Amino acid sequence: MAPGNTQSQDASVARDGAGGQTFSLENILGGDHENIEHPTAPKEALTPTGGWDEETGQERVAQGFCVECEDQPAQVHCETCADDFCEVCFAAQHRKGSRKRHATRPLSGPQEKRAKVEDAKPANGEATNGDADSDEELERAADDASSLAKINIVLSAQPAPGSAVGEWFIERAKFIPVRLTLEERKFLRLLEAALNVSEYTDKIDTIGFGLSKAKRIVHQIRELCAILSGLVLSADYKQGQELFQDRDFQSNEQFYQDIFELGRRHKIMNPDKMRATYGKLIYILQDSQTPEVKDLLSFSCVKPIKTVYTVLEEHDALDLLRDDLIAVATKEIYSEGRSRREVQKDIKSKERALEALAAKYARRGFSEERVRQCVYSIGDNHAFLRTNRDPCERMIAYLKQYFDSAHPKDNKSSIAIKNGKGGARLTHDHSKQYAYVLQSLTLWREILHDMFHLWTLAEQDLLNENVPYRLRDTGQGLNRVQAAPKTSRMMHAILNRAQRSIGSWVGSSVIHMGDHNVPNALMFIDKYSQVYRILLPICNTLAQIPRLVENPALRSYIEDEWGSADGLTREILADFFRHGFDGSGAGNYFDAGSCIDGRLTSAWNWCSTLEKKRFFPIFLLTDFIGFDGEW
C-alpha cells in the first residue's frame, strides 16, 4: 500500500464520520459536539445502545472470562460442561446432584484433572446445607489468592497502653489517612458543593436512544471538563479565566489531584459523610482513568491517598510508631461505669504523652503541629473502631450471655428457624443457628477492624485503568460492573482468618463481587460501612432498659408484657438472632441466602420490619429515631 493511502486513512480515523470534525478537546468542548464520536471505539459501539448491557454487540463471552457471570476471570474448566467458570460460579452451579461429580481442571497451574466424589465429607466434619464442597473449594482458592497477594492483615489485638507496641502501629498506619487541615477543609467544602450540583452520573450512566459507547466517551469528557473548570474558577478566579481561554487542564494537574485526594481521604476516615457525593466522585475519577479520556486531558486526576505512614516516612520519623507512648497518646477513653476522677486522669496522661511525642519527633520541615496531626489521625481510627467494630463485640457478648450454644432452656431461649416460617429461607436448629450468628458477627467484626485497609484496596480496584467496567442492568437498575481482584483477595483472607478462629462454618462462604449481586468494590464497601447503623441502635436500646425499669409505671408495663427486664432483653435479641440471620437476603439461595453478603442483607430486612414488633415501643422509649439517624 502506498504511504499516501496510509496517511489519508489515519486522517480519516481522526475525524467524525458524520460531521468531519477532528476528535479534539477544542471540538468536544465547542458548541457543535452532537455528531462527534470517539474514532477508536469498536464498531459495535457505534450503534445505539438500547439493550440491558452496553456491550450487547458481543454475543460470545470474552476469552478467558467466566461463562456464567461474564465478569470474572475464568479459573476452573469443567470437563463435563465444557465451559470455563470462576471459582464462585463453579461452586454455585456444581453444588448438588450429578454436577457434584463433574471432572474439572484448573486453568492455571498443573493441568491435572480431578473429579468430585459424591460421598466426600466436609472439611469440618459437619454437613451444612449441602454446600460443604463449595466452601472447601472456595477456601482453597482463597488460600492460594491470599498467599499470592502476600497480604499482611493485622487482626491481632491492639497493644494496651503502657505495653510494648512492636510493629502493630507501623502496619496500621499504612492505611490510616491523615486528618484534614483547616485549609484542606475549605477545599473540601468547594468539592462537595461542586459534586452536589453536578448531574454527572445522571447524564453519563444512561442508556438511551442514539447514545452509543463512542458518544458516551464524548459526554464523559465534556462533563468532566465542566467540573474541573468550575473547581479552578471557584478556587482562583484569575486562574479560572486563563483555563477558560486556553483550556490547558494539564497545567492544573496538581490542584486537581490534591482536591480529589482530600475528598477521598475524608470519606475513608468518615464513612457516614459524603453519602450523596462520594459515589459520584469515584465514578468521575473512574472515567478520568479510561485511556480515551486520559489521553485527551494528558494527565491523571488520581494520586495515592496521603497516609500517616507516608507522611512519617517522608520525614524519617517512623520511630514515632514504635514508641510505647503512641498507645497512650491514641487510646480511646471510655466514661461508662467510671468516676470523673478516673476519666480526667486518663485525659491528662493522654495529653502528656501527645506533647512528649510532639517534642521528641518534631524536626526541621516537620513541626510539632504536623506530629500532632499524625497522632490525632491514629486516634480517629480508634474512634472509628469504637463506633463501628465495638457494636459487633457487644452483640457477640449478648449472644453468649443470654443463649446457650447447644441446649436452649425453653422455647423463648431458642433461636431455631425453619424455612418458610416468619420469612426465613433457611432451616437451622438452635445450635446451628447459634453458630451461624456467631460466625456472621465475628466476620463483620474482622471486616470492620480492617475497614481502612479494605477501603484503600477498593479504591485501587475502582480506579485501576487496566480493569475496565461496563454498564449493565443487574436487576437493581443500571450499574457499573467491574472486577475487584485486590478487594476480593483481601476479603477471602479475612474470611479464612475468621473461619479458623471459630473452627467450623455454617452456610455458604461465597463472596459476591463484580457480579449482578455486588457490581463493584464501591457497592461492596458501602454495604459493610452500614453495619454499625444496624447494630448500634439495638445495643443502645438494650443498654438503656435498666434505666427504663427505674420508672415504676414503665417497670409495671415491662413486667406485665415480658415478665422482667431480662425477659425483654432476651426477646429482642432472640428475634434479631432469628430473623436478622434467616437467609432472607434475596429471592434464591445461591444469590444471597447464606452467602457472605446475604447475611448483611437479611439483617437490613429485619430492620425494615421493626415497627411491626411488639417490643417496638421500647425502642421509642429509649430515644430510637431510626437506623439511618444520629446517635
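Parameters at a glance
- Residues numbered from 1 in each chain as written.
- Predicted model: local features only at pLDDT ≥ 70, side-chain atom pairs only at ≥ 80, totals over all residues.
- Heavy atoms only, no water.
- Phe/Tyr/Trp six-rings, centres within 6.5 Å; stacked < 30°, edge-to-face > 60°.
- Helix = DSSP H or I, 4+ residues; strand = E, 2+ residues; numbered from the N terminus.
- Buried < 20%, exposed > 50% of the residue type's maximum accessible area, 1.4 Å probe, protein only.
- Lys, Arg positive; Asp, Glu negative; His and termini not counted.
- Salt bridge = Lys/Arg side-chain N within 4 Å of Asp/Glu carboxyl O.
- Contact = heavy atoms within 4.5 Å.
- Expected span 1.5 Å × (residues − 1).
- Pairing = 2+ DSSP bridges.
- Core = buried A, V, L, I, M, F, W, Y, C linked by side-chain atoms within 4.5 Å.

Visitor: For this particular structure, what's the right way to read the packing of aromatic side chains?
Guide: Between two aromatic rings, the relevant description is the distance of the centres plus the angle of the planes. Using the criterion set out here, one finds 19 aromatic pairs in the structure. A ring pair is formed by W606 and F627, whose centres lie 6.5 Å apart and whose planes are at 70°; its orientation type is edge-to-face. Here W606 is found in helix α26 (residues 596–608), whereas its partner F627 is found in the segment after α27 (616–621), with 21 residues between them in sequence. The same class applies to W606 as to F627, namely buried.

Visitor: It is not clear to me how the side chain of D461 should be interpreted in this structure. Could you clarify?
Guide: Looking at the secondary structure, you find D461 in helix α19 (residues 451–462). Despite its burial, D461 pairs with no opposite charge; the closest candidate is K486, at 5.6 Å N-O. Here D461 is in contact with Q482, A483, A484, P485, K486 and T487, once residues within four sequence places are set aside.

Visitor: Help me understand unusual backbone geometry in this model?
Guide: A negative phi angle is the norm for most residues apart from glycine, just as the trans form is the norm for most peptide bonds. Positive phi is not limited to glycine here, since A82 has a value of about 60°. Structurally, A82 can be placed in the loop between β1 (76–78) and β2 (83–85). Under the relative-accessibility criterion, A82 is labelled exposed at 51%. A positive phi angle, near 50°, is found at M274, a position not held by glycine. You can see M274 is positioned in the loop between α10 (253–269) and α11 (278–288). M274 gets classed as buried once you look at its relative accessible area, which sits at 5%.

Visitor: I'm lost on helix α24 (residues 565–579) in this one. Help?
Guide: Along its 15 residues, α24 runs 21 Å from first to last C-alpha, staying within 8% of the 21 Å computed at 1.5 Å per residue. Within α24, 11 of the 15 residues are buried, which leaves the element mostly enclosed by the surrounding structure. Along α24, the residues classified as buried are G567, L568, T569, I572, L573, A574, D575, F576, F577, R578 and H579. Among the structural elements, α17 (390–402), α18 (430–449), α22 (531–548), α23 (552–562), α26 and α27 are those in contact with the buried residues of α24.

Visitor: Honestly, the pairing of strand β5 (residues 470–473) in this entry has me stumped. Any pointers?
Guide: Regular strands place their side chains on alternate faces of the sheet. Note that β5 and strand β6 (residues 478–481) share four bridges and pair antiparallel. By the bridge assignment for β6, D473 is matched with L478. Counting the residues that bridge the hairpin from β5 to β6 gives four residues, and of these G475 lies at a positive phi of roughly 95°.

Visitor: Looking at this structure, I do not really get α22. What am I missing?
Guide: Because each turn of an α-helix spans 3.6 residues, side chains separated by three or four positions end up pointing in the same direction. For α22, which comprises 18 residues, the first-to-last C-alpha distance of 26 Å matches the rise-based estimate of 26 Å (1.5 Å per residue) to within 8%. Counting buried positions along α22 yields 13 of 18 residues, so the element is predominantly enclosed.

Visitor: Where do I start with the nonpolar core in this structure?
Guide: Inside soluble globular proteins, nonpolar side chains tend to come together where they are buried. Counting residues in each nonpolar core, the largest one holds 136 residues, and the members touching the most others are F260, L321, M395, W444 and F577. With nine residues, α18 is the single largest residue contributor to this core. Excluding residues that lie within four positions of it along the chain, F577 makes contacts with M395, L399, F403, I415, Q433, V437 and L441.

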